[in-house]
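# Structural characterization, general
One-letter residues, chain by chain:
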Protein chains: 2
Amino acid sequence: MDAMGIDVQVLSHTAAGLAQIPAAEAVALARAINDQLAETVRNHPDRFVGFATLPTLDPEAAARELERAVTVLGFKGAMIYGQTNNSFLDDSAFRPMLETAATLEVPLYVHPAPPARAVQDAYYAGFDPAVSASFATFGWGWHLDTGIHALRMILGGVFDRYPSLQLLLGHWGEMIPFYLARFAEALTPVARQLQRPVADYFLQQMYVTPSGMFTLPPFLLTMQVLGAERILYSADYPFQDGGQARAFLERAPISPADKEKIAHSNAEKLLKLSLL
Amino acid sequence: MDAMGIDVQVLSHTAAGLAQIPAAEAVALARAINDQLAETVRNHPDRFVGFATLPTLDPEAAARELERAVTVLGFKGAMIYGQTNNSFLDDSAFRPMLETAATLEVPLYVHPAPPARAVQDAYYAGFDPAVSASFATFGWGWHLDTGIHALRMILGGVFDRYPSLQLLLGHWGEMIPFYLARFAEALTPVARQLQRPVADYFLQQMYVTPSGMFTLPPFLLTMQVLGAERILYSADYPFQDGGQARAFLERAPISPADKEKIAHSNAEKLLKLSLL
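Conventions we followed
Residues numbered from 1 in each chain as written. Chains lettered and ligands numbered in written order. Predicted model: local features only at pLDDT ≥ 70, side-chain atom pairs only at ≥ 80, totals over all residues. Heavy atoms only, no water. Helix = DSSP H or I, 4+ residues; strand = E, 2+ residues; numbered from the N terminus. Rg over C-alpha atoms; globule rule 2.2 N^0.38 Å. Buried < 20%, exposed > 50% of the residue type's maximum accessible area, 1.4 Å probe, protein only. Contact = heavy atoms within 4.5 Å. Areas by Shrake-Rupley, 256 points an atom, 1.4 Å probe, with all protein chains shown as cover. Lys, Arg positive; Asp, Glu negative; His and termini not counted. Charge placed at Lys NZ, Arg CZ, Asp CG, Glu CD. UniProt positions renumbered as here; feature names shortened; annotations may be inferred. Buried area = accessible area lost by both parts, 1.4 Å probe. Salt bridge = Lys/Arg side-chain N within 4 Å of Asp/Glu carboxyl O. Polar contact = N/O pair within 3.5 Å; in protein donor to acceptor, adjacent residues only side chain to side chain. Nonpolar A, V, L, I, M, F, W, Y, C, P; charged D, E, K, R; others polar. Right-handed = clockwise from strand over helix to strand, strands pointing away. Phe/Tyr/Trp six-rings, centres within 6.5 Å; stacked < 30°, edge-to-face > 60°. Lys NZ or Arg CZ within 6 Å of the ring centre and 35° of its normal. Axes fitted to C-alpha atoms, helices over the stretch in contact; angles between N-to-C directions. Left-handed = near helix turned anticlockwise from the far one by under 90°. Parallel < 35°, antiparallel > 145°, perpendicular 65-115°, else oblique.

### What to know about the overall build of chain A
Helices and strands together make up the secondary structure of chain A, namely 13 helices and seven strands. For 276 residues, the compact-globule formula gives about 19 Å, and the C-alpha radius of gyration of chain A, at 18 Å, lands near that figure. Overall, chain A is about 45 × 45 × 45 Å in size when its C-alpha atoms are taken along their principal axes. Looking at chain A as a whole, 61% of its 276 residues qualify as buried. Look at the contacts in chain A between residues 6 or more apart in sequence, and 73% of them connect residues 24 or more apart. Split by element, the accessible area of chain A, about 10,800 Å² in all, is 53% carbon and sulfur. In chain A, 20 positive and 28 negative side-chain charges are present, and the distance between their average locations comes to 4 Å.

### A few points about the UniProt feature "domain: Amidohydrolase-related" (unreviewed entry) in chain A
The positions that UniProt labels "domain: Amidohydrolase-related" (unreviewed entry) are, in the present scheme, residues 24-273 of chain A. With 55% helix and 8% strand, the stretch residues 24-273 of chain A has end C-alpha atoms that lie 33 Å from each other.

### What about the interface of chain B and chain A?
The interface is formed by 53 residues belonging to chain B together with 53 residues belonging to chain A. Together chain B and chain A conceal approximately 4,800 Å² of surface at their shared face, both sides included; 71% is due to carbon and sulfur atoms. For chain B, the biggest contributors to the area lost against chain A are Y123(B), F178(B) and Y179(B); these three give 18% of the whole. Linking chain B with chain A are zero salt bridges, by the criterion used here. Inspection of the chain B/chain A interface yields 14 residue pairs in polar contact (both at pLDDT 80 or more). Of all the secondary-structure elements, those providing two or more residues to the side of chain B that touches chain A are α4 (117-123), α5 (129-136), α6 (141-155), α8 (171-174), α9 (176-187) and α11 (216-225) of chain B. Of the residues forming the side of chain B that touches chain A, the biggest block, ten residues, is contributed by α9(B). Residue classes in the side of chain B that touches chain A are distributed as 36 nonpolar, eleven polar and six charged.

### Considerations on the pairing of strand β2 (residues 48-53) of chain B
Among the six residues that make up β2(B), six are buried, leaving the element largely enclosed by the rest of the structure. Once the chain exits β2(B) it traverses helix α2 (residues 59-71) of chain B before rejoining the sheet at strand β3 (residues 77-81) of chain B, and the crossover so formed is right-handed.

### Describing the packing of aromatic side chains
Applying the stated rule across the entire model yields 29 aromatic pairs over all chains. Ring centres of F178(A) and F178(B) lie 5.7 Å apart, and the angle between their planes is 5°; on these two criteria the pair is classed as stacked. Separated into two different chains, F178(A) in helix α9 (residues 176-187) and F178(B) in helix α9 make up a pair that spans both. An identical accessibility class is assigned to F178(A) and F178(B); each is buried. Directly above the ring of Y207(A) sits R230(A), whose terminal nitrogen or CZ lies 4.2 Å from the centroid.

### Focus: the side chain of T146(A)
Secondary-structure assignment places T146(A) in helix α6 (residues 141-155). Other than its neighbours up to four places away in sequence, T146(A) contacts V110(A), H111(A), P112(A), L169(A) and E174(A).

### So, the packing of helix α4 (residues 117-124) of chain A against helix α5 (residues 129-136) of chain A
Two numbers describe a pair of packed helices, the interaxial angle and the distance between the axes. All names here are of chain A. In the contact formed by α4 and α5, the axes pass within 10 Å of each other and the chain directions differ by 115°. Judged by the twist between their axes, the crossing of α4 over α5 is right-handed. Contact residues: α4 offers Q120, Y123 and Y124, while α5 offers S132, F135 and A136.

### Comments concerning the environment of A62(B)
Here A62(B) lies in helix α2. Once the C-alpha coordinates of A62(B) and T100(B) are considered, the two residues, 38 residues apart in sequence, prove to be 9.3 Å apart.

### Comments concerning the packing of helix α12 (residues 242-251) of chain B against helix α13 (residues 256-270) of chain B
Residues and elements named next belong to chain B. At a minimum axis distance of 10 Å, the contact between α12 and α13 shows a crossing angle of 150°. The angle between the axes of α12 and α13 places the two elements in the roughly antiparallel class. Taking contact as the criterion, the partners of L249, E250 and R251 in α12 are, on α13, K259, I262 and A263.

In structure tokens:
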């Protein structure tokens, strides 16, 4: 990660399948995946850092693997792939894992995954299979799914329980910044068990990344709603062209100081990186 | 509708229940609702215009009622409330109604309604009932639902079939402007049966209104993505304070010419209003 944020990369495996295989297998597989990733990082310590893959089907084991990944392997956080057994992370079953992340002060990146079958049937079915598949996932639906995931964590009191927990959301915050004021106006008066107004949890305990969405309007809106302190740059390489990503930020109509935050200094703080 | 858009009001009934009662009753009730609304408009012709309520359970009858409402009662469009029998307007059953709207050149306003039970269970359940209810409707979920409604109409070829059809969406476009570039990038390559790139349908056959969402970031993003020509002002009175609505537009950091378009001239053209 240099001044424009593309020299150190955060590596993770998109091991969405780990929530679909037997828990015991998932635990062993997550260890193997993390060990392999750690080797890559060790071979290129000036180039890569790692995010852990966790066997979320067994939250106690996931907590232990997160601790191992951070304390033994030197990982900087973990990547979560959507729902596990049709549950989001507001489910009390996941508390051991969330507590470990909060205690170790490592962020969780909530990556999109295909929505539940019932949602796919209700919202995205009925078109050519390629159209429905894209509409349900990276074209639309899994972004809604991930935004709801984060909002459920707010409403479920996760961030009151773990005030040091930090969440990372891709794709400029998975719809949330555009409607944060609406959500806050509607939910703050009824979510009486929460300690803070609902928008505060988004502003204080989440970071967002572009994930390869390089058009100006969502970036500028996110800057207005969330501010440069809460944006971490990301290129979604190899799905997007890293050069395009760099050019987008270099040309963005924001101050040099904000570019520095977005390109590297926010990440250095959040991930506790020591860069030259 | 004066220079700031608040002297002529579009009236409609939020008759969401019409999709939940027997079709024959809905047909009679829609006629009665529209007749009553027409009387109000007739009594204050310099103040109100009407949008029709339609019995969407019987799309042929809905088409006839739309024609009557426009040609006999002088209505300027119709208001649709979410799904009918778990179907969105891309369902071929609704073609008679859409064809009539296209032929008469009157817009359809797709108003949010509570999402299908399966979606509510998958996404919004599990909190205090007041929290789940708000989260599923005006706090978050029905906006997603309405955005998906409009996108399904694009992907289903509705706007190729009826190129003169215009849709109205509230709440700054029900999430679509924030992610339009993403949707276009993902769906245009696979939606091969469509005649235009998918974003074009949004830019050419939809208008958006604020519906009482008066914060600058979503407004500015919508201006950047859609432009002043496609925004119709709306205050969501009596749910929101009309005076606040007026002040928001008066103080908005856009040109006087764009304010005029948004405040009244776009509406005059789309709804064929003759204002003094």
